[in-house]
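Secondary and tertiary structure notes
If you want the building blocks of each chain, they are given just below.
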Amino acid sequence: MSVMVDIRSVHKSFGSLEVLKGIDLAVHTGEVTVILGPSGSGKSTLLRTVNHLEKVDRGTISVDGALVGYRRSGDKLYELPEREVLRQRTRIGFVFQNFNLFPHLTVLDNVVEAPVSALKRPRREAVEAARRLLDRVGLADKADAHPRQLSGGQQQRVAIARALALEPRLLLFDEPTSALDPELVGEVLDVIKDLARQGTTMIVVTHEIGFAREVADTVVFMDDGRIVEQGPPADVLDAPQHERTRSFLSKVL
Amino acid sequence: MSSDTLAKASSAPGIPEYADSLPIVPRRRLGQWTAAVAVLVLLGLAVNSVLRNDAFQWDVVADYFTTDAVLRGLWLTLWLTAVVMTLGFVLGALLAAARLSANPVLRSVSWGYVWLFRSIPILVQLLLWFNIGALYPHILGVRTVDLLGPVTVAVIGLTLHEAAYAAEVVRGGILSVDRGQIEAAQALGLSRWRRWWRIVLPQAMRSIVPPAGNMLIGTLKGTSIVSVIAVQDLLYSVQLVYHRTYQVIPLLMVATVWYTVVTSVLGVGQHYLEKHYARGSERTR
Ligand SMILES: Nc1ncnc2c1ncn2[C@@H]1O[C@H](COP(=O)(O)OP(=O)(O)OP(=O)(O)O)[C@@H](O)[C@H]1O
Ligand SMILES: [Mg+2]
């Protein structure tokens, strides 16, 4: 099976605080990887390095065979011009904890924006595709609403549709349900499960253990900037090898 | 949950079970009524005294209100305001961008500019520019006095002053936009230009428009300061007339009424602009 995301000995510091202390991780095409870990362990930072929202200090990340943010020439890595980075990002969808929908645009325009302006799709085509996507996340009737008129769960589903509009090869979710009221979590997880069934490659940071057990092909447990253990959910969740994993799971379960 | 609270409230001592069916008698607001009446009476007295006082010479005001000299002055005031606002905000936006950039040189220069031009009174600045010929008799081989007439000096002086304030207004507007908006736009691969025009600026406008509207009105009236360098704006035009006719008060009234009219029109425009940029901020449709 081919590797979609290949993360090799990635290090990242903010000032004197080392947040990622050498991360190695491979995500296979068509698989769902769930990242668990306590607050501050570096999960968001790792996810953000994958689409170069955060630059790494050391190590490399490749997505779909291409280095993210850099070009290799000989034994040096050259930073790519912004235009190239932006083009790479259009193949990676990112869904934020706080949705980050554009509040001044309608739901439809939120979804249409990137295909039209970043991929230069004709607007009419993009609008048709956007309506199909909104239908898929169950929000066909909300196309003309503004984001603030929607519930949190609906907003997050729009955000997923917006990410899908670029037809990305990879989807990244950073705690997609953490900002939601408990009764709204299910509707968002259902959309993500649906994507998983269709073979979308995804990395999901979440605290929803049930979701991980049901959907993940691989569960990764991070603590203090390192991957402590990883494997199929049955191993990591039900028979963790490490004390830190055990104590974390006992707290969240 | 809300039905819980209701249940609790209705079983509280002193409140009968059927309290929700009783009519509500609003509290008496005697103080408010007295204040309103007092203010209206005072206002009436003031208006009456203005209209009844012959010294205002309202007939003279009417005579001069639309004379050529006054309208020419009004026109100069209007376009000077428009030019100064536009150039001021363009320069201000650049200064704000410089101030928010990662480049320390640009940041300090922008900071220094705002510091300097907010420190110099506009009157002093205008007089300095007006007399710049004393410092630089020639600019690019042309005599400075020929190059910088009073109107040019007025545009330059007012614009530089305006830009310092506009820079702060624009910067505040940009900072008011949630950082997550820019990240989302970056994650979607939107170009720097598109992020700025499509995502950041429209949202920044919500906090830029109200102070900018204030500045516009302030600038409209502030342009009257150019009368000190003999630029024939609205104020200077009526001054020229009353220096001849000695009808000081009615001619000042001409200018006052015109300033009020234009300010009101601008206020209406600002209202609609604010509504436009508030799109999407309301929950109900
Ligand atoms: N831009 C930044 N500047 C400085 N420190 C940062 C920055 N971003 C993150 N950090 C720090 O890096 C550490 C890891 O943060 P990160 O957001 O990756 O954790 P996390 O595992 O996602 O936590 P959570 O579950 O709370 O979201 C934290 O200590 C955080 O304070
Ligand atoms: Mg996080």
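Residues numbered from 1 in each chain as written. Chains lettered and ligands numbered in written order. Predicted model: local features only at pLDDT ≥ 70, side-chain atom pairs only at ≥ 80, totals over all residues. Heavy atoms only, no water.

1. Here's the deal with the sheet that holds strand E10 (residues 202-205) of chain A
All names here are of chain A. Spatial strand order, E8-E9-E10-E3-E11-E12: 6 strands in an open sheet with mixed pairing. The strands lining the two open edges of the sheet, one partner per strand, are strand E8 (92-95) and strand E12 (226-231). Taken over all neighbouring pairs, the strand axes of this sheet differ in orientation by 15° on average, direction set aside. In this sheet, E10 lies alongside strand E9 (residues 170-174) in parallel orientation, the contact comprising 4 bridges. Paired with Leu172 across the two strands is Ile203, which belongs to E10. (Pairing = 2+ DSSP bridges. Helix = DSSP H or I, 4+ residues; strand = E, 2+ residues; numbered from the N terminus. Axes fitted to C-alpha atoms, helices over the stretch in contact; angles between N-to-C directions.)

2. A look at the site of ligand 1
Residues and elements named next belong to chain A. Around ligand 1, the surrounding shell consists of Phe14, Leu17, Val19, Pro38, Ser39, Gly40, Ser41, Gly42, Lys43, Ser44, Thr45 and Glu175. Between an oxygen atom of ligand 1 and a main-chain N or O atom of Ser41, the distance comes to 3.2 Å. Notes on ligand 1: free accessible area 630 Å², of which the protein chains cover 59%. When contributions to the shell around ligand 1 are tallied by element, the ones reaching two or more residues are strand E2 (17-28) and helix H1 (43-50). Per-element tally for the shell around ligand 1: the top contributor is H1, with 3 residues. Classifying every residue of the shell around ligand 1 gives 4 nonpolar, 6 polar and 2 charged. (Near = heavy atom within 4 Å. Polar contact = N/O pair within 3.5 Å; in protein donor to acceptor, adjacent residues only side chain to side chain. Areas by Shrake-Rupley, 256 points an atom, 1.4 Å probe, with all protein chains shown as cover. Nonpolar A, V, L, I, M, F, W, Y, C, P; charged D, E, K, R; others polar.)

3. Looking at the UniProt feature "domain: ABC transporter" (unreviewed entry) in chain A
The sites that UniProt annotates as "domain: ABC transporter" (unreviewed entry) are residues 5-249 of chain A. End C-alpha to end C-alpha, residues 5-249 of chain A measures 26 Å, and it is 37% helix and 28% strand. (UniProt positions renumbered as here; feature names shortened; annotations may be inferred.)

4. Some thoughts on the layout of surface pockets
Leftover empty space is mapped by rolling, across the atoms, a probe with the size of a water molecule. All names here are of chain B. Approximately 1000 Å³ is the volume found for the largest pocket. Taken together, 28 residues form the lining of the largest pocket, with Arg179, Ile182, Gln186, Arg192 and Arg195 sitting closest to its centre. Partitioned by chemical class, the residues of the lining of the largest pocket number 13 nonpolar, 4 polar and 11 charged. Volume-wise, the second largest pocket comes out at about 580 Å³. Phe89, Val170, Met205, Ile208 and Ala212 are the residues nearest the centre of the second largest pocket, which is lined by 23 residues in total. Elements with a contribution of two residues or more to the lining of the second largest pocket: helix H4 (68-100), helix H10 (192-222) and helix H12 (248-277). If you tally residues by element for the lining of the second largest pocket, the top one is H10, at 11 residues. When grouped by side-chain class, the residues that make up the lining of the second largest pocket number 19 nonpolar, 4 polar and no charged. (1 Å grid on protein atoms, 1.4 Å probe; cavity = no way out; pocket = protein on both sides within 12 Å on 5 of 7 lines; lining within 4 Å. Points joined across faces, edges and corners; volume = space filled by probe spheres on them.)

5. Topic: the environment of Val32(A)
All names here are of chain A. Its location among the elements puts Val32 in strand E3 (residues 32-36). Residues Val32 and Gly153 lie 121 residues apart in sequence; the distance between their C-alpha atoms is 21 Å. Among residues more than four places away in sequence, those in contact with Val32 are Ala196, Thr200, Met202, Val204, Val215, Ala216, Asp217 and Thr218. (Contact = heavy atoms within 4.5 Å.)

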